[in-house]
Amino acid sequence: MLGCLALFLWGMNLMSSSLQKFAGNGLRSFIEKMTSNTGKCLFTGFIVTVLVQSSTATTLMLVSFVNAGLMTLRSAIGVIMGANIGTTVTAWLFAVSMDGSFSLGAIAIPLVFVGFVLSSFSKKQKVKDFGAFLIGFAFLFLGLSMLKDTSYPLLSSEGVRNFLAPITDMGMSTVLFILIGAVMTFCLQSSAAATSITMLLLACGVITFPNAVAFILGENIGTTITSNLAATSTNTSSKRTARAHLVFNLFGSILVIALFQPYMRLNAHIVELFGFPNPLTADFSVLSLENATGEALAQQQLLSSSLPYSVAIVHSLFNIVTTLILVWFIPQLEKLVMKMVPAKEDSEKEKFHLVYIGKGNANLAELSITEARKEINHYSEICTKGFGYVRQAVDTCETDDFEEFRQKLVKYEEITDRIEYEIATYLNQVSQNDISEQARMQVKAYFKIIGELESRGDSGEAISRLLQRKKDHEKKFDKLMMERIHEMLDTMQHAYDVMNQNLKTPMLTDISNAYEAEDAINNMRDRLREEHLKNMEQKSYDYTAGVYYFDLIQEFETMGDFMINISQALVGLNI
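Novice: Describe the overall build of the chain, naming the residues involved and giving the relevant values.
Specialist: The helix and strand tally for the chain stands at 22 helices and zero strands. In the chain, which comprises 575 residues, the share counted as buried stands at 53%. Counting only contacts in the chain whose residues sit at least 6 apart along the sequence, the fraction spanning at least 24 positions is 79%. For the chain, the computed accessible surface area is about 25600 Å², with 60% contributed by carbon and sulfur atoms.

Below, the structure is given as structure tokens:
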């Protein structure tokens, strides 16, 4: 049974990750474009979660988007609400599979073959990713089908029933089952898996319908833990996004607990409308009958196949009702989570969005080019701050704190990519207008500059990967290496200061300061290379550590090339 559960979880993870790779930037662009109003946010969250089959995966994406400044907190809250409704589709798929009228597991093996052929023999990465998605989809439902077959004998055994009987008879059983549901979801890292287990437990008669409702409440709380843990090392906005998910599910759970009996009766009435037995009044004793025949067997099969649907209805009603209530209070919810996660001074200074371009008019050439220049200056300041994290990553590369700065460098690479795209899109709009030849030269130079700034962000991520490989191989820089690295970092910092100074200088004609900074970097690189070769010959330090050391020096020199290219592009511009 545990093996089947592992197959189910692995299939879900493979399916989700492969779909995100297959969709690539298209999925991100879809989420960004479809968040202009609350209705679109709900729809986006619903569709994306149905596709990736995991509200947790959707929420984690939202945390990363807000962390990079690609989405506002208010939009993210709307998408989370839609994602919570989208995850109920998974529960209905489980119910259909457990019903036995249609076996999703029956098509799993052929899908594995198709997925294997696509992922193994195609030369296109997109096709490979789609093949992996099919394999994940197949394993998900194969695992579920096998889980049902293997768990029924175990969960129907008298020993299991006797073990759980004292728990279900406790006066605080509702609260207890909420806690169990939350812990189980956190351990499995999947509310879908927890929901399927709840369906199995109820269908076998191990727990009662009220216990199943309590399980669902706990699972809705437990699924928020993953996103909140993922947001611990991110910025203030993404922490608020994760808290919004928690507040949403907590509100729904508290509301249901306060109206627990009416809520169960409402669900039971809806179940009866579907033509199934009322789970509150049904005789669960028939589920424990062995070798049942005739009418008893028919009742047993009807009740067993209908109970998974009652769990799906509970799950759906919880998320739909909570969304219908809170969708009108998104601004208030936003204010609440902002109070829960107060802004820190440093966090507020981290502006990962465009500051000037959104305020200009791309049809007014002179004004728009001025605004673009201001935005590029702001872009350069963000890149300079990213370089500060390079220094901190180097300083902590031998400690546990390194991971924090490695993630920051990865995040800043995503930020620089996005800002370059936004500025380039704006400049392209400007160039479509009837502008002067001088303005066209300026636009061309700005394209060059933002490309070099983005490449500098790529170098920061490359450095983080280099340091991570060094740490994985358990290699360390000795005292001399660290001294030389810091000398190069100081030289690089001066080059950054020169680059920012030149970017802020109107009608720049003399960039001798930039050439001097570039020469200083190149000369130091040459000097350190000679010293490095000598030390390698004399075996003064570990060979592999030495390779990582000089690769780092070379990456610094490459960053210097990007900076001199920026100053060269500025020469002669009269703005």
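Novice: If you had to explain the pattern of salt bridges to someone new, which residues and values would you point to?
Specialist: The full count for this structure, using the stated rule, is 15 salt bridges. A salt bridge links Glu-422 to Arg-418; the nearest nitrogen and oxygen atoms lie 2.7 Å apart. Highlighted residues: Glu-422 and Arg-418, both in helix α18 (residues 402-431), separated by four residues, approximately one helical turn. By relative accessible area, Arg-418 is classed as buried at 15%. Here Glu-487 and Arg-527 are joined by a salt bridge, their closest N and O atoms 3.2 Å apart.

Novice: Describe helix α6 (residues 108-121), naming the residues involved and giving the relevant values.
Specialist: For α6, which comprises 14 residues, the first-to-last C-alpha distance of 20 Å matches the rise-based estimate of 20 Å (1.5 Å per residue) to within 8%. Within α6, the full set of buried residues consists of Ala-108, Leu-111, Val-112 and Gly-115. One face of α6 carries all of its buried residues, which in axial projection span an arc of 105 degrees. Opposite the buried face of α6, by more than 90 degrees, sit the exposed residues Ile-109, Phe-113 and Phe-121.

Novice: Quick rundown of the packing of helix α21 (residues 512-537) against helix α22 (residues 543-570)? Include the residues and the values.
Specialist: Two elements in contact, α21 and α22, have axes separated by 10 Å at closest approach and are oriented at 165 degrees. Relative to α22, the element α21 lies roughly antiparallel. Note that α21 runs across α22; the crossing there is left-handed. Grouping the constituent residues of the contact of α21 with α22 by class yields 11 nonpolar, seven polar and six charged.

Novice: Could you give me a rundown of the packing of aromatic side chains, with the residues and numbers involved?
Specialist: Inspection of the entire model under this criterion finds 13 aromatic pairs. Ring geometry for Tyr-541 and Tyr-549: centres 6.3 Å apart, planes at 70 degrees, overall edge-to-face. We note that Tyr-541, like Tyr-549, is buried. Taken together, Trp-92, Phe-274, Phe-276 and Tyr-309 form an aromatic cluster joined through their ring pairs.

Novice: I'd love a proper account of the side chain of Ser-122, names of residues and values included.
Specialist: Take Ser-122: it is sitting in the loop between α6 and α7 (125-155). Assessed through its relative accessible area of 17%, Ser-122 is described here as buried. Not counting residues up to four positions away in its chain, the partners in contact with Ser-122 are Val-117, Val-127 and Lys-128.

Novice: Outline the environment of Tyr-548, supporting the account with residue identities and numerical values.
Specialist: Among the secondary structure elements, Tyr-548 is positioned in helix α22. Every residue in contact with Tyr-548, bar those within four places of it in the chain, is listed here: Leu-466, Arg-469, Lys-470, His-473, Lys-475 and Phe-477.

Novice: Go over unusual backbone geometry, please, and point to the residues and values.
Specialist: For Glu-474, which is not glycine, the phi dihedral falls at a positive 60 degrees. Relative to the elements of secondary structure, Glu-474 occurs in the loop between α19 (437-472) and α20 (479-503). With phi around 55 degrees, Lys-539 is a residue other than glycine that occupies positive phi space. One can find Lys-539 in the loop between α21 and α22.

Novice: I'd like a description of the packing of helix α12 (residues 236-258) against helix α15 (residues 330-340), backed by residues and values.
Specialist: Geometry of a packed helix pair, given as the angle between the helix axes and the separation of the axes. Where α12 meets α15, the closest approach of the two axes is 9 Å, and the angle between their N-to-C directions is 115 degrees. α12 and α15 meet at a crossing whose hand is right-handed. Between α12, through Arg-240, Arg-243, Ala-244 and Val-247, and α15, the contact on the second element is made entirely by Leu-333, Leu-336, Val-337, Met-338 and Met-340. Its residues assigned to classes, the contact of α12 with α15 comprises seven nonpolar, no polar and two charged.

Novice: Describe the confidence of the model for the chain, and please don't skip the residues or the numbers.
Specialist: Considering every residue of the chain, the mean pLDDT works out to 80; 81% of them sit at 70 or more. Per-element confidence in the chain is highest for α21, whose mean pLDDT is 90, and lowest for helix α16 (residues 345-349), whose mean pLDDT is 44. Every residue in residues 345-351 is under pLDDT 50, and counting partners more than four places away or in other chains gives 12 contacts. In the model, residues 359-364 has pLDDT below 50 throughout and makes 10 contacts with residues more than four positions away in sequence or in other chains.

Novice: Could you give an account of a nonpolar patch on the surface, naming the residues involved and the relevant values?
Specialist: On the surface, Phe-113, Val-114, Phe-116, Val-117 and Phe-121 cluster together into a nonpolar patch covering about 500 Å² of accessible area. Structurally, the position occupied by Val-114 is in helix α6. We classify Val-114 as partly exposed; its relative accessible area is 38%.

The rules behind the values
- Residues numbered from 1 in each chain as written.
- Predicted model: local features only at pLDDT ≥ 70, side-chain atom pairs only at ≥ 80, totals over all residues.
- Heavy atoms only, no water.
- Helix = DSSP H or I, 4+ residues; strand = E, 2+ residues; numbered from the N terminus.
- Buried < 20%, exposed > 50% of the residue type's maximum accessible area, 1.4 Å probe, protein only.
- Contact = heavy atoms within 4.5 Å.
- Areas by Shrake-Rupley, 256 points an atom, 1.4 Å probe, with all protein chains shown as cover.
- Salt bridge = Lys/Arg side-chain N within 4 Å of Asp/Glu carboxyl O.
- Expected span 1.5 Å × (residues − 1).
- Arc of directions from axis to C-beta.
- Axes fitted to C-alpha atoms, helices over the stretch in contact; angles between N-to-C directions.
- Parallel < 35°, antiparallel > 145°, perpendicular 65-115°, else oblique.
- Left-handed = near helix turned anticlockwise from the far one by under 90°.
- Nonpolar A, V, L, I, M, F, W, Y, C, P; charged D, E, K, R; others polar.
- Phe/Tyr/Trp six-rings, centres within 6.5 Å; stacked < 30°, edge-to-face > 60°.
- pLDDT = per-residue confidence, 0-100.
- Patch = residues over 30% accessible without salt bridge, like charges linked within 9 Å, V, L, I, M, F, W, Y side chains within 5 Å.

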